[in-house]
Amino acid sequence: MTGNTVTRHYHNFLQVVHSYYQLTKPRIIPLLLITTVASMSIASEGKLDPILLLVTLAGGTFAAASAQTFNCVYDRDIDYEMERTRHRPLPSGRVQPNHALIFAIALACISFTLLTVFVNLLSALLAMSGILFYVGVYTHLLKRHTRLNIVIGGAAGAVPMLVGWAAVTGTLSWTAWLLFAIVFLWTPPHFWALALMISEDYAKVGVPMLPVVTDNITAARQIWVYTLMLVPATFLLIDPLQAVGTVYGCIAFIMGAIFFKKAWALLQDSQNKQSARSLFLYSILYMMLLCAAMVVDSLSITQNFTQAMMKLVNG
Ligand code: HEM
Ligand SMILES: CC(C)=CCC/C(C)=C/CC/C(C)=C/COP(=O)(O)OP(=O)(O)O
């Protein structure tokens, strides 16, 4: 083989690896992992075993990547029709559907094995149920058939919170379900804000996203309703003397107020794509900072400070 041929083979190999990487919709996975870290951090009250953290995140990454790859296989017909998704590996013909399917199954098997062997069975089963729900319920049953697709399907995106909790404690508690509820209530504003920007694309392929089957004002009203539930739900986690206190409380209030402001602005002018874009981008920052604050508080830096202050105040 000449040097040129070796370089060409190497280049082709990198392109194949990149295509498989793209099948996993990698830009979404970090935020799913951030929610897992937050949940693990609260569950362990800041005393998180770094090895357990790494293995759980690896298992979560493989599970989410598997779910997204299955979704890419199932949706390859509509992905071909939409401008935004046309260049994905399957519609553009860079990966064969049966190869993608094998890849998705392999990722799920790796995830299940990692979590079962090195973490626990509950976390593994939860991750698998996340894949099944996202693929079977959201992608197959709901996405193309009902405007409630995101509302119900959003449960899949909230599963990493449960995986994180189960990884640390081996069970699920009320706090775990509250964390689940926070991501569940966050998903409709997150997604409908985006859908308001790209509703033409979804309309073209007949996917009944809320702004497609109703109108912008109805979608903006629904976003407002979910914001009204989301922000107070985040406050339920505040407990100054326990895992989540001062920093989280401040972030939840301030970031919640900005969420209200942006959702209100959209409600006032639901045709304004700029307002929708602003809310969509903000929703991501919101979830990131909320989770970061959970981690900071559960590391007990501020908890110790609050307890010291309380002692001082109470004499
Ligand atoms: C059923 C629930 C959800 C739906 C339908 C949905 C849909 C979408 C879509 C269509 C995009 C645009 C991606 C693109 O440009 O191709 C997006 C972006 C994004 N989503 Fe969601 N999402 C959901 C839940 C979640 C959850 C639970 C998380 C994490 C906690 C998340 C995190 C993100 C992030 C970080 C981006 C930005 C990615 C980028 O930088 O382009 N999403 N979402
Ligand atoms: C624990 C575990 C396995 C969790 C998996 C949860 C998961 C993969 C959530 C992602 C949600 C998401 C980004 C949907 C994209 O919607 P879409 O596919 O309809 O978007 P599209 O129009 O871009 O294809």
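Heads up: these notes are all about the structure in this document. Just so it is clear, the structure is predicted and the values come from calculations on it, not from any experiment. (Residues numbered from 1 in each chain as written. Chains lettered and ligands numbered in written order. Predicted model: local features only at pLDDT ≥ 70, side-chain atom pairs only at ≥ 80, totals over all residues. Heavy atoms only, no water.)

**Re the nonpolar core**
Right, on to step 1. If you look at the biggest cluster of nonpolar residues, it comprises 93 residues, and the most contacted ones within it are Leu237, Tyr248 and Tyr286.
Right, on to step 2. No other element matches the 15 residues that helix α8 (residues 174-197) contributes to this core.
Right, on to step 3. Residue contacts for Tyr248: discarding those within four places in its chain leaves Ile182, Thr234, Leu237, Ile238, Leu290, Ala293, Met294 and Asp297.
Right, on to step 4. If you look at the next biggest cluster of nonpolar residues, it comprises six residues, including Leu23, Cys72, Val73 and Val95. (Core = buried A, V, L, I, M, F, W, Y, C linked by side-chain atoms within 4.5 Å. Buried < 20%, exposed > 50% of the residue type's maximum accessible area, 1.4 Å probe, protein only. Helix = DSSP H or I, 4+ residues; strand = E, 2+ residues; numbered from the N terminus. Contact = heavy atoms within 4.5 Å.)

**Looking at the site of ligand 1**
Right, on to step 1. Lining the immediate surroundings of ligand 1 are 20 residues, of which Arg27, Arg84, His190, Phe191 and Leu194 lie closest.
Right, on to step 2. At a separation of 3.1 Å, an oxygen atom of ligand 1 approaches a polar side-chain atom of Arg84.
Right, on to step 3. For ligand 1, a nitrogen atom lies 3.0 Å from a polar atom in the side chain of His190.
Right, on to step 4. Elements with a minimum of two residues in the shell around ligand 1: α2 (29-43), α7 (149-169), α8 and α13 (273-298).
Right, on to step 5. At six residues, α8 tops the list of elements feeding residues into the shell around ligand 1. (Near = heavy atom within 4 Å. Polar contact = N/O pair within 3.5 Å; in protein donor to acceptor, adjacent residues only side chain to side chain.)

**Notes on the pattern of salt bridges**
Right, on to step 1. Evaluated as defined, the whole model comprises six salt bridges.
Right, on to step 2. The closest approach of N and O atoms between Asp75 and Lys143, which form a salt bridge, is 2.7 Å. Here the residue Asp75 occupies a position in the loop between α3 (50-74) and α4 (76-81), and Lys143 occupies one in the loop between α6 (121-142) and α7, the gap between them amounting to 68 residues.
Right, on to step 3. Residues Arg144 and Asp75 are paired through a salt bridge, measuring 2.9 Å at the closest nitrogen-oxygen approach. One end of the pair, Arg144, is in the loop between α6 and α7; the other, Asp75, is in the loop between α3 and α4, with 69 residues separating them in the sequence.
Right, on to step 4. What makes Arg144 partly exposed here is its relative accessible area of 24%. (Salt bridge = Lys/Arg side-chain N within 4 Å of Asp/Glu carboxyl O.)

**Let's talk about the coordination of the iron atom of ligand 1**
Right, on to step 1. A lone protein donor binds the iron atom of ligand 1: His190 (NE2), at 2.2 Å.
Right, on to step 2. Position of His190 relative to the elements: it lies in helix α8. (Donors = N, O, S within 2.8 Å, 3.2 Å for Na, K, Ca; no water.)

**Digging into the site of ligand 2**
Right, on to step 1. The immediate surroundings of ligand 2 are formed by 19 residues, with Arg84, Arg88, Tyr138, Lys143 and Tyr202 found nearest.
Right, on to step 2. At a separation of 3.2 Å, an oxygen atom of ligand 2 approaches a polar side-chain atom of Asn71.
Right, on to step 3. Contact distances for ligand 2 include 2.8 Å between an oxygen atom and a side-chain N or O atom of Arg88.
Right, on to step 4. When ligand 2 sits alone it has 630 Å² of accessible area, and the protein chains cover 88% of it.
Right, on to step 5. Put simply, the parts of the chain that give the shell around ligand 2 at least two residues each are α3, α6 and α7. (Areas by Shrake-Rupley, 256 points an atom, 1.4 Å probe, with all protein chains shown as cover.)

**Some remarks on a nonpolar patch on the surface**
Right, on to step 1. Judged by side-chain polarity, Tyr10, Phe13, Leu14 and Val17 come together as a nonpolar surface patch covering roughly 420 Å² of accessible area.
Right, on to step 2. Here Val17 shows up in helix α1 (residues 3-23).
Right, on to step 3. On the accessibility criterion, Val17 (41% relative accessible area) is partly exposed. (Patch = residues over 30% accessible without salt bridge, like charges linked within 9 Å, V, L, I, M, F, W, Y side chains within 5 Å.)

**Describing the environment of Ala195**
Right, on to step 1. Residue position: Ala195 is located in helix α8.
Right, on to step 2. The spacing of Ala195 and Phe253 is 58 residues in sequence and 26 Å in space, taken between C-alpha atoms.

**Looking at unusual backbone geometry**
Residues other than glycine predominantly adopt negative phi, and peptide bonds predominantly adopt the trans conformation.
Right, on to step 1. The phi dihedral of Lys25 falls on the positive side, at around 45°, and the residue is not glycine.
Right, on to step 2. In this fold, Lys25 is placed in the loop between α1 and α2.
Right, on to step 3. The class of Lys25 is buried, set by a relative accessible area of 16%.
Right, on to step 4. Residues other than glycine seldom take positive phi values, yet Glu45 does so here, at roughly 50°.
Right, on to step 5. Structurally, Glu45 is set in the loop between α2 and α3.

**Overview of α1**
One full turn of an α-helix is made of 3.6 residues, so residues set three or four places apart face in the same direction.
Right, on to step 1. Under the 1.5 Å per step criterion, the end-to-end length of α1 is 31 Å for 21 residues, consistent within 8% with the ideal 30 Å.
Right, on to step 2. Those residues of α1 lying buried are Thr5, Ser19 and Leu23. Buried residues along α1 cover an arc of 45° about the axis, so they all sit on one side. For α1, exposure combined with an orientation more than 90 degrees from the buried face picks out Gly3, Tyr10 and Phe13.
Right, on to step 3. On the buried face of α1, the contacting elements are α3 and α5 (97-118).
Right, on to step 4. One or two residues past the end of α1 sits Lys25, with phi positive at roughly 45°. (Expected span 1.5 Å × (residues − 1). Arc of directions from axis to C-beta.)

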